[in-house]
Amino acid sequence: MSRRGLLLMGQCMPCIKQNASKIRIRRMELDKNLNMYFKKDEFYFAHDPQKVCKTGDVVLIRELPERLTRLITHNVEKVVYPLGDITDPLTGKKVVVGKYREDIEMANQLFGKSEKAFDYEKAPPRGRLEGTKDFTHGETYIKYHEDGKDQPFAV
């Protein structure tokens, strides 16, 4: 387990627990035989009664002084980066693919903007497609069998 007061950064995963979110903490583990690092995922359940984090968000979690339940051992501190809006952690600038948005805007001013170019300033915030194409807000459940029916919220 982690030390008290230690902050961990992880990604929110689909979860079926009430008032909790499942957080994946990714670490690099050294294989001494190959002398290479490999990804190792650890999963923690964090107390999140307001459901501030959605699937895919990068969040900070802190260990609770005492466990709420057998599984819930941490608390969600804050959402660092919401899914879909990538921010460079060093400069704080918005990024598209591998370029800063302001660099793209400067190139558009120099060479002219394409009619098909996406305008990030006019784009609505995440969550406007809830219920139509974005199903991260829905209640998830475990799929026990295949019955031929569409089960969009199954884990």
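Because the structure is a prediction, the values reported are computed rather than measured.

## Some details on a nonpolar patch on the surface
Right, on to step 1. A cluster of nonpolar side chains, contributed by I16, I142 and Y144, occupies part of the molecular surface with about 340 Å² of accessible area.
Right, on to step 2. The topology assignment puts I16 in the loop between β1 (7–13) and β2 (20–31).

## Some remarks on unusual backbone geometry
Peptide bonds are trans in most cases, and residues, glycine excluded, mostly fall at negative phi.
Right, on to step 1. The phi angle at K51 is positive, at roughly 55 degrees, despite the residue not being glycine.
Right, on to step 2. Along the polypeptide, K51 turns up in the loop between β3 (36–47) and β4 (58–63).
Right, on to step 3. At V97, a residue that is not glycine, the phi angle is positive and equals roughly 55 degrees.
Right, on to step 4. Within the secondary structure, V97 sits in the loop between β6 (95–96) and β7 (99–100).

## Describing the sheet that holds β1
Right, on to step 1. One closed barrel holds the five strands; their spatial order is β1-β2-β3-β5-β4, and the pairing between them is mixed. Taken pair by pair, the neighbouring strands of this sheet meet at an average axis angle of 50 degrees, ignoring direction.
Right, on to step 2. Here three bridges tie β3 to strand β5 (residues 72–81), and the two strands are oriented parallel to one another. Paired with A46 across the bridge in β5 is H74.

What counts and what doesn't
Each chain carries its own residue numbering, running from 1 in the written order of its sequence. In keeping with the model being predicted, local features are shown solely for residues with a pLDDT of at least 70 and side-chain atom pairs are shown and tallied solely at 80 or more, while totals for entire chains, interfaces and linings include all residues. The basis for every side-chain value is the complete set of heavy atoms in the structure, and neither hydrogens nor water enter the calculation. Residues qualify for a patch when their relative accessible area is over 30% and they have no salt bridge, like charges being joined within 9 Å and the nonpolar side chains of Val, Leu, Ile, Met, Phe, Trp and Tyr within 5 Å. Computed with a 1.4 Å probe, the accessible areas rest on the Shrake-Rupley method; for each residue, only the protein chains presented here act as cover. What counts as a salt bridge is simple: a side-chain nitrogen of Lys or Arg found within 4 Å of a carboxyl oxygen of Asp or Glu. The numbering of helices and of strands both runs from the N terminus, where a helix is a DSSP run of H or I of at least 4 residues and a strand a run of E of at least 2. Two strands pair under a simple rule: DSSP has to find at least two bridges between them. Only the stretch in contact is used when a helix axis is fitted, and all axes are lines through C-alpha atoms; the angle between N-to-C directions ranges over 0 to 180 degrees.

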